Amino acid sequence: GNLILNVGPDAKGNIPDASQKILSEIEHAKDDSQRAHLFGKIQRLLEDDMLLYNRLKNRLDDAVLLSRKEVRWNYHTAIPSYYPSRNTMNFMLPLHLSSDDAVDIVLVVELTPAGNYQGQTILTCDQAYIDARLVCSLKSHWLDLRTIG
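Just so you know, these numbers come straight off a predicted model, no measurement behind them.

Draft legend 1. Geometry of the pattern of salt bridges. The final tally for this structure, using the stated rule, is three salt bridges. Residues Lys 21 and Glu 25 are paired through a salt bridge, measuring 2.7 Å at the closest nitrogen-oxygen approach. In this pair, Lys 21 and Glu 25 are both assigned in helix H1 (residues 17-27), four residues apart and thus about one turn of the helix distant. Classification of Lys 21 as exposed rests on a relative accessible area of 54%. Residue Asp 61 pairs with Lys 57 through a salt bridge whose shortest N-O separation is 2.8 Å. In this pair, Asp 61 and Lys 57 both sit in helix H3 (residues 50-73), four residues apart, roughly one turn of the helix. Its relative accessible area of 34% is what places Asp 61 among the partly exposed residues.

Scoring rules and cut-offs
Residues numbered from 1 in each chain as written. Predicted model: local features only at pLDDT ≥ 70, side-chain atom pairs only at ≥ 80, totals over all residues. Heavy atoms only, no water. Salt bridge = Lys/Arg side-chain N within 4 Å of Asp/Glu carboxyl O. Helix = DSSP H or I, 4+ residues; strand = E, 2+ residues; numbered from the N terminus. Buried < 20%, exposed > 50% of the residue type's maximum accessible area, 1.4 Å probe, protein only.

Written out as structure tokens, the structure reads:
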């Protein structure tokens, strides 16, 4: 699906159209070099617009906090996944960016030697579904074949 980051309007009431256009281009990029170039454009856009950067950072922080609360309410929210290249078990957590009702992306967290969980990567819901199916049968309220793709 299309990822629309609802970071809200700027101080003048304008929605950052340039970032939405670049995100759309990334989704339709034909190869890795084109995607890398477009991610570079996003990076420069965020470096040049601290207000946009701060709104995006705050939205991500809020999404992580909400996901952590969801795990406290129902531990089944954290779905296990295995990464053979690192021989580690991780957990996948849903992140709600565009609305509190829809999972937009998935944060993969790994237990550190200090006993904390640290984010390792971000996956699409399709990628998370495939990774989760490798470990266990899914009985998740947020990662369901009917709600992804």
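What follows continues from the structure just given.
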